[in-house]
Amino acid sequence: MVLTAAGFTSLIHSLGLIQGLSKPAPAAYAGDHSRTQSKLADPNPGDVGSNYQLQDTGNFSGSGGQLNKVSIGCSVQPYYAPDLGQQAFPPFDQAKANVYRYRQQQSVNLGSWFVHEQWMTPSLFACAAGAQMSELDIASGWGSPDGARSVLERHWDTFVTASDFQYLSSIGINTVRIPIGYWTLGPAFCQGTPFEQVAEVYQNSWSRLVNAINLASAAGVGVLVDLHGAPGSQNGQQHSGISDGKVNLFDDDDYIGKTMDVLTFLTEQLANVTNVVGIQILNEPQNVPSLPDFYSRAISTMRQVGPAAKALPLYIHDGFDLEQYSNFVANRTDFVVQDHHSYFVFTSSDATEPASQHTKDIQSSVSDSLLAASDRQRRNLVVDEFSCALTDQSLAGEADPEAARKAFCTGQMEIYQNETAGWAFWAYNKEDCSSDPGWCFKAAVGRSLPSTFFSYGTGPLADPSRIPALSDMVSGMYAPTHDDMASTPLPGAPGGGPGYPAVGLFPISRRSHHRPRRSLRSTKRLRSMQGRRDTPEQLPSDPSQRAISKGYSDGFLTAKIFALYGMSKLGFTGQYMSDSLASLGPGVIEPGMEHYYEQWFMEGLADGEALISSSVNGTPTP
């Protein structure tokens, strides 16, 4: 049966699915009906479908809404995966980790790399077992576990490579979200789950994930590790690894315990990895009444792993209830981030609404909702799945469909950039990518999306791997003096107050003699705001003046620190200020004076970013 776009949207509407509620395989989403079929990709070194040959395909018959394989023969070309061994992560650099974790994120999802979706990589499902819809079906198919392992290991080694990370970095993508399943951690974590019988298929999967994180690190790209498939399944969706549609996680203590074990292991392994920006606890969970308690338990379990875990950003998906989990995050003080997903093709109303109206909605009601949530929760909000996908019906009435799609897609990106701490496009790569700018980032760049995505509109000042430790850089920076803060309506700072102990979360290394190169062109205003080198002036003794002076200086220098690494901007501003105040302590900012620090931090940050933008883009400073 071929399901039409109208039939598809009517079906999901009848099932009660709402806008963005998961991303069901968009095989019948209007615009590319070829995705309803499994096809082999062109045979090239990066191809995911060239490691096997189909023999007599036999017949398929429909039964109970599923395709049942009658007879098929598959010949799998053996793939001898390189032994990556026990890979190590580079030594942890706290200063660089601060930039990775707190900066504004321009990101893409590396979907269907470690967790497969049939509509994205159909060739891997050609000889899958069962319903041929999920990761478990691939692992259970291909004639034997050895056959399935060959197929998957070749895919892991070719679907995304070092050159992809370098490419992403070169166009301003500074973060990737990598969906994984609990099976990715290896055979031990498959025990007592549906993957137990195929556990050996995943004997080399963890080393591939470690390698992916290190490849990203070499390119200066951060990584959000996303638990897309949890033991028992958090949503019953095929992209959680199973095809039976059952949500078994939340009502089964054993599965809950196994999920806590998975999250504990990930925290132990990744809390001290410089370019890991965080761990996402669950992807698109069903918003059951017990979900908030599950999140609270998971966060507590992960925080208890060790000192580094207490500061590790933890991401939660909101189950498509923006307000509920905005309040959840707002009521916490630790670095917890809400992830909200946004799609416009999965309901009957979205399928028929014109593209231009979608764009207007994004710029009005969607923007307002995101801004309200972001303000409520210290800007700890990201939209880590969105796409350029629109139905044919949405584009049909537009005078210029391509221009309408571009306005829709760039409009989303700009709103998500302005109102939240980041966005992530779904997805970077897929089969038939070049013909699908709606869902494939590589095809959308320069077409439905801009050609580059740098925070300041320009690329890094230098190769990230050649930039010295940021904690050393700070010692050679220029801080604006209290007297030079022209916009501050307070008198100059009297001497004798306490010195600057740090720049926000970045300690000053007084023994360092490193001087960073002057990579930003000096401007008249910048020179007027520069203070003394190496040893900043003394802070005022008056508590409010001290908070203002320290806040402005920290904000100004924070803008410069982030720009020195990949021309980044601070994204999680509220969390950064909160954590900076905790680090500085009451000896620097007295209780009750925090609002002065925060207000003037934002003033200093804005001035610093304006000066940097003026320097690199040649625009006059206001």
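To keep things clear, this report deals only with the structure shown in the data block. Residue positions are given per chain, counting from 1 as you read along its sequence in written order. Owing to the predicted nature of the model, reporting of local features is limited to residues with pLDDT of at least 70; listing and counting of side-chain atom pairs is limited to 80 or more, with chain, interface and lining totals taken over all residues. To get the side-chain values, all heavy atoms of the structure are used, and hydrogens and water are removed first.

1. Regarding the environment of Ser448
And then number 1: Counting from the N terminus, the helices are the DSSP runs of H or I reaching at least four residues and the strands are the DSSP runs of E reaching at least two. The residue Ser448 is located in the loop between helix 15 (441-444) and helix 16 (470-474) in this model.
And then number 2: Along the sequence, Ser448 and Gly438 sit 10 residues apart, while their C-alpha atoms lie 8.0 Å from each other.
And then number 3: What Ser448 contacts, discounting residues up to four positions off in sequence, is Cys388, Arg405, Lys406, Cys409, Thr410 and Pro437. Note on definitions: a residue-residue contact is assigned when non-hydrogen atoms from the two residues lie within 4.5 Å.

2. What about the packing of aromatic side chains?
And then number 1: A pair of Phe, Tyr and Trp rings is counted when the ring centres sit within 6.5 Å of each other, with Trp represented by its six-membered ring. The angle between the planes then sorts it: under 30 degrees is stacked, over 60 is edge-to-face, the rest tilted. Evaluated as defined, the whole model comprises 36 aromatic pairs.
And then number 2: Aromatic pair Phe189 and Phe265: ring centres 5.1 Å apart, planes at 55 degrees, arrangement tilted. Of this pair, Phe189 sits in the loop between strand 6 (175-181) and helix 6 (205-218) while Phe265 sits in helix 7 (residues 253-270); the two residues are 76 residues apart in sequence, bridging distant segments of the chain.
And then number 3: Seen from their ring centres, Tyr295 and Tyr325 are 6.0 Å apart, and the 90 degrees between their planes marks the pair as edge-to-face.

3. Brief notes about the packing of helix 5 (residues 162-170) against helix 6
And then number 1: The geometry of helix 5 relative to helix 6 is characterised by a closest axis approach of 9 Å and an angle of 40 degrees between their N-to-C directions. Taken together, the axes of helix 5 and helix 6 lie oblique to each other. Read as a crossing pair, helix 5 and helix 6 show a hand that is right-handed. Every residue of helix 6 that contacts helix 5 at Ala162, Phe165 and Gln166 is listed here: Ala212, Leu215, Ala216 and Ala218.
And then number 2: Within the contact of helix 5 with helix 6, the residues separate by chemical class into 6 nonpolar, 1 polar and no charged. The axes are straight lines fitted to the C-alpha atoms, using for helices just the contacting stretch, and the angles between their N-to-C directions are given from 0 to 180°. Any angle between 65 and 115 degrees counts as roughly perpendicular, while under 35 counts as roughly parallel, over 145 as roughly antiparallel, and the rest as oblique. Handedness of a crossing follows from how the near helix is turned relative to the far one, being left-handed for an anticlockwise turn of less than a right angle and right-handed for a clockwise one. Residue type decides the class: Asp, Glu, Lys and Arg count as charged, Ala, Val, Leu, Ile, Met, Phe, Trp, Tyr, Cys and Pro as nonpolar, and the leftover types, Gly among them, as polar.

4. What to know about the pairing of strand 10 (residues 336-342)
And then number 1: Counting buried positions along strand 10 yields 7 of 7 residues, so the element is predominantly enclosed.
And then number 2: Here the term buried applies to any residue with accessible area under 20% of the maximum for its type, exposed to any over 50%, and partly exposed to those in between, with areas from a 1.4 Å probe on protein chains only. By the alternation rule, side chains of strand 10 split into Val336, Gln338, His340 and Ser342 and Val337, Asp339 and His341, which are all buried.
And then number 3: The pairing of strand 9 (residues 314-317) with strand 10 spans 4 bridges and is classified as parallel. Looking at strand 10, one finds that Leu314 is bridged to Val336. Following DSSP output, two strands are said to pair if at least two bridges run between them.

5. Examining the state of the cysteines
And then number 1: Criterion for a disulfide: a pair of cysteine sulfur atoms at a distance within 2.5 Å. Applying the stated criterion to the full structure yields 3 disulfides.
And then number 2: One disulfide in the model links Cys74 with Cys127; its S-S distance is 1.4 Å. Looking down the S-S bond of the Cys74 and Cys127 bridge, the torsion is -85 degrees, so its handedness is left-handed. Of the two residues, Cys74 is situated in strand 4 (residues 74-76) and Cys127 in the loop between strand 5 (105-109) and helix 3 (135-139); the sequence distance between them amounts to 53 residues.
And then number 3: The exposure class of Cys127 is buried, given its relative accessible area of 2%.
And then number 4: Disulfide pairing is shown between Cys433 and Cys440; the S-S distance is 2.0 Å. Looking down the S-S bond of the Cys433 and Cys440 bridge, the torsion is -90 degrees, so its handedness is left-handed.

6. A short note on helix 12 (residues 355-376)
And then number 1: An expected span of 1.5 Å times one less than the residue number is assigned to each helix. Between its first and last C-alpha, helix 12 extends 30 Å over 22 residues, near the 32 Å set by a 1.5 Å rise per residue.
And then number 2: For helix 12, the principal kink sits at Ile362 and spans about 40 degrees.
And then number 3: For helix 12, the set of buried residues is Ala355, His358, Thr359, Ile362, Val366, Ser367, Leu370, Ala373 and Ser374.
And then number 4: Close packing links the buried residues of helix 12 with helix 10 (322-330), strand 10, helix 11 (348-352), strand 11 (381-386), helix 13 (392-396) and helix 14 (401-419).
And then number 5: Looking one or two places after helix 12, you find Arg378, whose phi comes out positive at around 65 degrees. Bend, at a single residue, is the angle you get between axes fitted to the 7 residues ending at that residue and the 7 residues starting at it.

7. What to know about the pattern of salt bridges
And then number 1: Counted as salt bridges are all cases of a side-chain nitrogen of Lys or Arg within 4 Å of a carboxyl oxygen of Asp or Glu. According to the stated counting rule, one finds 13 salt bridges in the structure shown.
And then number 2: Salt-bridge contacts for Glu402 lead to Arg447; the nearest nitrogen and oxygen are separated by 3.7 Å. Note that Glu402 is positioned in helix 14 and Arg447 in the loop between helix 15 and helix 16, a separation of 45 residues in sequence.
And then number 3: What you see here is one network of salt bridges that share partners, running through Arg177, Asp226, Asp339 and Glu385.

8. What about helix 2 (residues 94-102)?
And then number 1: With 8 of 9 residues buried, helix 2 lies mostly within the body of the structure.
And then number 2: Any N or O atom pair separated by 3.5 Å or less is treated as a polar contact, with the protein-specific requirement of one donor-capable and one acceptor-capable atom, and with residues adjacent in sequence counted only for side-chain atom pairs. Two or three places before Ala95, at the opening of helix 2, Asp93 has a side-chain oxygen 3.1 Å from that residue's backbone nitrogen.

9. Some points on unusual backbone geometry
And then number 1: Look at the link from Trp426 to Ala427: it is a cis peptide, with omega at 5 degrees.
And then number 2: In this fold, Ala427 is placed in the loop between strand 12 (422-425) and helix 15.
And then number 3: For Ser112, which is not glycine, the phi torsion reads 60 degrees and is therefore positive.
And then number 4: Inspection of the secondary structure puts Ser112 in the loop between strand 5 and helix 3.
And then number 5: For Ser112, a relative accessible area of 1% corresponds to the buried category.
And then number 6: In the Ramachandran plot, Ser233 falls in the positive-phi region, its phi being about 75 degrees despite a non-glycine side chain.
And then number 7: Among the structural elements, Ser233 can be located in the loop between strand 7 (222-229) and helix 7.

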